[in-house]
Structure formats: structure tokens, C-alpha cells
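What the coordinates show
If you want the building blocks of each chain, they are given just below.
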Amino acid sequence: MAQTFLHRMFGPGARALQEAAGSRASYARMEAQAGPIDILTARELDFIGGRDSFYMASVSEDGWPYVQHRGGPSGFLRHISGNRIGFADYRGNRQFLSAANLAADDRVSLFLMDYPNRRRLKLIGHAHGSDDPAHIAALMTPGYAAEPERAFVIDVVGFDWNCPQHITPRFTEAEIRQGTQPLLDELAALRARINELEGSKA
């Protein structure tokens, strides 16, 4: 896990700083086990399939890093096959920054967060856009009212799980409703019982 991710991400400067800090030996052992890719397992695929948003970084034609937030219904980023994942790209502000960046340099980095459970997953890979209607249809979320323009397909090269330190738990409205519903149900039952008792006294 993460051997290929680290091997791809560590450059000469990072390795030199690790050497100076005394951490190089352990990272060198991890890098020695790197293969062509880090194989996605059920753990990663389940996590990916449960997200309703992620951040995707690409590189502009002038070499500037660009990070874009992507969101949709839970599961809109989905497994296609092997180490390939993808998502439908819906019509937005018509800037086409990610599409243009990927046409020039197909390398991307994805940052996936699970705030309630304080988990995060980093992915790196090669991405491309597809106008093939079959590809787009396969990545559409049923019932989602948005107009797709293309599909983005990502061949994952490496991944790394980060520690939960400094991740502040945050919850969506749906998660809050789910968590508080038992209390609301209990309160409604209590009110009904009070009304029943008051009615019997009348």
C-alpha cells in the first residue's frame, strides 16, 4: 500500500530532506517495494464509491497547479474496472480549466475526504476526457438532473491513506437528520403520550 504513490511523489529534494531528518531509510524500504501501480482494493473502492465530493488537482499549460472541487450524489465517482475510476462531467461555468489542463498534461491528484469518520485518501493517476456517449451514460447518476458534457476517466497509479490528525469532523444535513431522527421520534412519542394523559384527565 502506497509504495508506488510515494515512489512517484518523492523527488530528489524530498529524499534529501528525508535523509537530513533521519526518515529516509524507512521510506527507501517502502519505495523498494513499489510496482507499476498501487492496486486498488475493496477498501479503497468502497471509500471512493461513498464520496459525494472530492478535490482534483491538475497542472495548467503554464505549469500552475489548479485544484477544483467536484461534487454530486454519493457514488458519482465510481469504479469502472481494474484501477480505472471515472465520473460524468456536468455543464458548469464553461471555463474548461480541467479539460484544457488534462489535454496538455494528463496527470492528476485527487483528495477524498470522509469528515465524520476523519479519513482521507489521496490518489494520483492519468486522466482523460471522453465525449463517447456510452462512456458518459455509464457514469451518469440515475435521476440526477444535470446536463453532462463529457466523462472523465482516471487510471489510478498510486494511493495513500493519511492519518486522521487535524481532521475536524463535519456532517452534512442528511447525516445530521439521520443522527437526530431517533431523538425526534422519541420526543414525538413522548408528546403523544402527554397529550393522551392530559386527554384522559379531562
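This report concerns the structure included in the present document. Within each chain, residue numbers correspond to sequence positions counted from 1 in written order. The predicted origin of the model limits local features to residues at a pLDDT of at least 70 and limits the giving and counting of side-chain atom pairs to 80 or more, whereas totals for whole chains, interfaces and linings rest on all residues. In computing side-chain values, all of the structure's heavy atoms are included and hydrogens and water are not.

Examining the environment of Ser-200
Along the chain, the position of Ser-200 falls in helix H7 (residues 173-201). Using a 1.4 Å probe on the protein chains alone, a residue whose accessible area is under 20% of its type maximum counts as buried, one over 50% counts as exposed, and one in between counts as partly exposed. Among the residues examined, Ser-200 registers a relative accessible area of 56% and is labelled exposed. A C-alpha to C-alpha distance of 58 Å links Ser-200 and Cys-163, two positions 37 residues apart in sequence. Helix numbering and strand numbering both begin at the N terminus, where a helix is a DSSP run of H or I of at least 4 residues and a strand a DSSP run of E of at least 2.

Brief notes about a nonpolar patch on the surface
Taken together, the side chains of Leu-187, Leu-190 and Ile-194 define a hydrophobic patch exposed on the protein surface, amounting to about 250 Å² of accessible area. By secondary structure assignment, the location of Leu-187 is in helix H7. Patch criteria: residues need more than 30% relative accessible area and no salt bridge. Like-charged residues are merged within 9 Å; nonpolar side chains of Val, Leu, Ile, Met, Phe, Trp and Tyr are merged within 5 Å. Where accessible areas are quoted, they stem from the Shrake-Rupley method and a 1.4 Å probe; at the residue level, only the protein chains shown are allowed to cover. By definition here, a salt bridge exists when the distance from a side-chain nitrogen of Lys or Arg to a carboxyl oxygen of Asp or Glu is within 4 Å.

Overview of the nonpolar core
In this structure, Ile-85, Leu-110, Leu-112 and Leu-123 are the most contacted members of the largest nonpolar core, which totals 21 residues. Where this core is concerned, the elements lending two or more residues are helix H4 (42-49), strand E1 (53-59), strand E4 (84-90), strand E5 (107-114), strand E6 (119-130) and strand E7 (148-162). For this core, the leading source of residues is E7, giving five residues. Those residues within four positions of Leu-110 in sequence are excluded, and the remaining contacts are Phe-54, Tyr-55, Met-56, Leu-77, Ile-85, Leu-121, Lys-122, Leu-123 and Ile-154. We call a set of buried Ala, Val, Leu, Ile, Met, Phe, Trp, Tyr and Cys residues a nonpolar core when their side-chain atoms join them within 4.5 Å. Residues count as neighbours in contact if any of their non-hydrogen atoms are within 4.5 Å of one another.

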